[in-house]
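# What the coordinates show
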Amino acid sequence: MNKKKIINDPVYGFINIPSAIIFDLISHPYFQRLRYIKQLGMTHLVYPGALHTRFHHALGAMHLMGLAIEVLRGKGHKITNEEEEAATIAILLHDIGHGPFSHALEHSLVNGIRHEDISMFIMEKLNKEFDGRLTPAIDIFKGKYHKRFLAQLVSGQLDLDRMDYLNRDSFFTGVSEGVISFDRIIKMFNVLDDDLVIEEKGIYSIENFLIARRLMYWQVYLHKTVVSGEQVLVKILKRAKELSAKGASLFATPALEHFLTNDISEQEFFSSEEHLAMFALLDDQDIFAAIKVWKTHPDRILSQLCTMLTNRNLYKVEMSNEAPDSGRIEILTRNVMDSLKLTEKEAAYFVFTDVVRNRAYDAGNSNINVLLKNNTTIDIVKASDLSNLESLDKTVKKHILCYPRII
C-alpha cells in the first residue's frame, strides 16, 4: 500500500505525509479521535468559523517541521533522516492527549491531570505498539535528545506548535491581528551552540509574532464570551459529576459515564489501562450529546445551565484588573437566589469569580535569541527597538465576575 499521501490543507495547500510510520500513526484510532475535538473549544460561539480541529493543527505543525528541517539543513546543520522522522513524530503527537474542551475537562472530569502528561502516556503506549520506533521522538518530546534545537522546535517560545495555531486560528476566526509571517520566520531559523536562534534579519517578524500572540489571547482565546461559554461548560460538568456522586441517573455515553461516576486521581489514571481506554473514546460529541439530553433533566440547575449553553444565553462576564467588590457579589448572589429560588450554595453555579492570565513571552523559559552578524546572540527583548516588547514578558492577570443576564 502506498503510504506517501498528500493532504489538501486550507492554510498551507498540499502537505505531504512523509513516511510509512507517520501514515500509520495518523491512521491510529488515538490520532483519528482528534478529528472530533475542536481546536478552540467554545470559540465558535464568537467566531462561527472556528470549527477546525486538533487533527488539522497537528498535521499543520507536522508540515512546518518539514519546512524548518529543510531550512536548517540548507544552512549546513546535520540532521539525519532518522532525526527528521523523530522530530516530525514528536510534533505530530504533541497534542494527542487533549480531551474535548480540554481546559474545562481539566477543571472537572479528570481532576487536574494535564493534557501534556496524557500525551506522553499515549506516546509511550504507541511506542510499545510500534516496537520501540518512537523512542527518539519521545526523547525529543521530553527534551532529553542530545540535539537541543530539535526539542525547541517542538516546545519552546518559538516552536512550530505556536506558529501553526496562531496561523490556523487567525485563518479560521478571521482575526487578521493573528496573522504571522511563518514562512519568513522559518527561513530565519538557525542553530548556534545547539540552540535554535533567529537571524538578525528576522527581528521584525518575531516582534510581529509576539504581538500577534498577545492580541490573539485577548481577542480570541480569552474573549469574554469565549470565557463565558467555557465557564458554563465547567459548571455543567461539575454539576453532572456532583449529581452522579449522589446516585442520580444521567444520560451519558460509556466514556463520559466513566469519568462522571469515577473520581480518578492522577496516580490512578496513569496506573490503569482502563482509564486511558475510556479517555481515548471521549470527544466533543460525547459532551454535546449529553448536554442536549440534560436540558430536560429534573435537576433545575443542570437543566438551566445546559439550556443556557445550547441557546447561547451565557453568563454576563465583567473583566477587570482589580478583584470584584464583595458587596456587589453578595447582591448578585441574593438576586439569583430570589429569582431562581436557589440556596446560597446552588447560586454559586450562577454567580462566581475567577482569574485569567496571559503571558505572551516568558524570557526565563527558552528565550528567543537573535543571532547577530558577529556570531553572538541577544534576547529578542534587548535586540528589539519596540519599547512595549518588554511588557510582553509580564503575566497579565485579570479578574472575572460571572452572573446570569436575567438579573
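Read on for an overview of the structure. (Residues numbered from 1 in each chain as written. Predicted model: local features only at pLDDT ≥ 70, side-chain atom pairs only at ≥ 80, totals over all residues. Heavy atoms only, no water.)

## Quick notes on the packing of aromatic side chains
- As enumerated under the stated definition, the model contains twelve aromatic pairs in all.
- Between Y165 and Y221 the ring centres are 6.0 Å apart and the planes differ by 80°, which places this aromatic pair in the edge-to-face class. A residue pair is termed long-range when its members are at least 10 positions apart, and Y165 in helix α9 (residues 160-173) and Y221 in helix α11 (residues 203-221) qualify at 56 residues.
- Look at Y221 and you get buried, because its relative accessible area is 13%.
- Judged by centre distance (5.1 Å) and plane angle (85°), the rings of Y315 and F352 are edge-to-face. Remark: F352 occurs in strand β6 (residues 352-358) and Y315 occurs in the loop between α17 (300-310) and β5 (316-320); sequence separation between them is 37 residues.
- For Y315, a relative accessible area of 1% puts it in the buried group.
- An aromatic cluster is defined as three or more aromatic residues linked by ring pairs; in this entry it consists of F121, F259, F269, F270 and F279.
- Across from the ring centre of F352, 4.1 Å away, lies the NZ or CZ of K235, which sits over that ring. (Phe/Tyr/Trp six-rings, centres within 6.5 Å; stacked < 30°, edge-to-face > 60°. Helix = DSSP H or I, 4+ residues; strand = E, 2+ residues; numbered from the N terminus. Buried < 20%, exposed > 50% of the residue type's maximum accessible area, 1.4 Å probe, protein only. Lys NZ or Arg CZ within 6 Å of the ring centre and 35° of its normal.)

## A short note on the environment of A240
- Among the structural elements, A240 can be located in helix α12 (residues 224-245).
- For A240, a relative accessible area of 0% corresponds to the buried category.
- Once residues lying within four places of it in the same chain are set aside, the contact partners of A240 are L250, L260, W294 and L302. (Contact = heavy atoms within 4.5 Å.)

## Comments concerning the packing of α12 against helix α13 (residues 254-261)
- It is at 8 Å that the axes of α12 and α13 come closest, and there the two elements cross at 75°. Taken together, α12 and α13 sit at an angle that is classed as roughly perpendicular. Across the interface between the two elements, L237, A240, K241 and S244 of α12 pack against F259, L260 and T261 of α13.
- Here the contact of α12 with α13 is composed, by residue class, of four nonpolar, two polar and one charged. (Axes fitted to C-alpha atoms, helices over the stretch in contact; angles between N-to-C directions. Parallel < 35°, antiparallel > 145°, perpendicular 65-115°, else oblique. Nonpolar A, V, L, I, M, F, W, Y, C, P; charged D, E, K, R; others polar.)

## Here we look at the sheet that holds β6
- Overall, antiparallel pairing links the three strands, which are arranged β5-β9-β6 in an open sheet. Single-partner strands in this sheet number two, and they are β5 and β6. Between one strand axis and the next, the sheet turns by 30° as a mean value, whatever way the strands run.
- Its contacts with the sheet place α11 against β5, β6 and β9 (396-403), and it is angled at close to 165° to β6. (Pairing = 2+ DSSP bridges.)

## Notes on unusual backbone geometry
- Located in the positive-phi region is F101, a residue other than glycine, with phi close to 45°.
- In this structure F101 comes out as buried when scored by relative accessible area, which is 7%.
- At N375, a residue that is not glycine, the phi angle is positive and equals roughly 70°.
- Along the chain, the position of N375 falls in the loop between β7 (369-371) and β8 (377-379).

## A few points about the nonpolar core
- Core analysis: the largest hydrophobic core is formed by 136 residues, its most contacted members being F31, L93, L160, M163, F189, W294 and F350.
- Residue contributions to this core peak at eleven residues, all from helix α3 (residues 54-74). (Core = buried A, V, L, I, M, F, W, Y, C linked by side-chain atoms within 4.5 Å.)

## With respect to the state of the cysteines
- In this structure the tally under the stated criterion is zero disulfides.
- Between C306, a cysteine without a disulfide, and C402, which holds the nearest cysteine sulfur, the sulfur-to-sulfur distance is 17 Å. (Disulfide = S-S within 2.5 Å.)

## Digging into the pattern of salt bridges
- Applying the stated criterion across every chain, the model contains 21 salt bridges.
- Residue D95 is joined to R54 by a salt bridge in which the shortest nitrogen-to-oxygen separation is 3.6 Å. Taken together, the positions of D95 in the loop between α4 (81-92) and α5 (102-106) and R54 in helix α3 put the pair 41 residues apart, joining distant regions of the chain.
- The exposure class assigned to D95 is buried, which follows from its relative accessible area of 8%.
- Notably, a salt bridge pairs R168 with D164, separated by 3.0 Å at the nearest N-O pair. Linking R168 with D164, this pair stays in helix α9, spanning four residues, or about one helical turn. In this pair, the class of R168 matches that of D164, namely buried. (Salt bridge = Lys/Arg side-chain N within 4 Å of Asp/Glu carboxyl O.)

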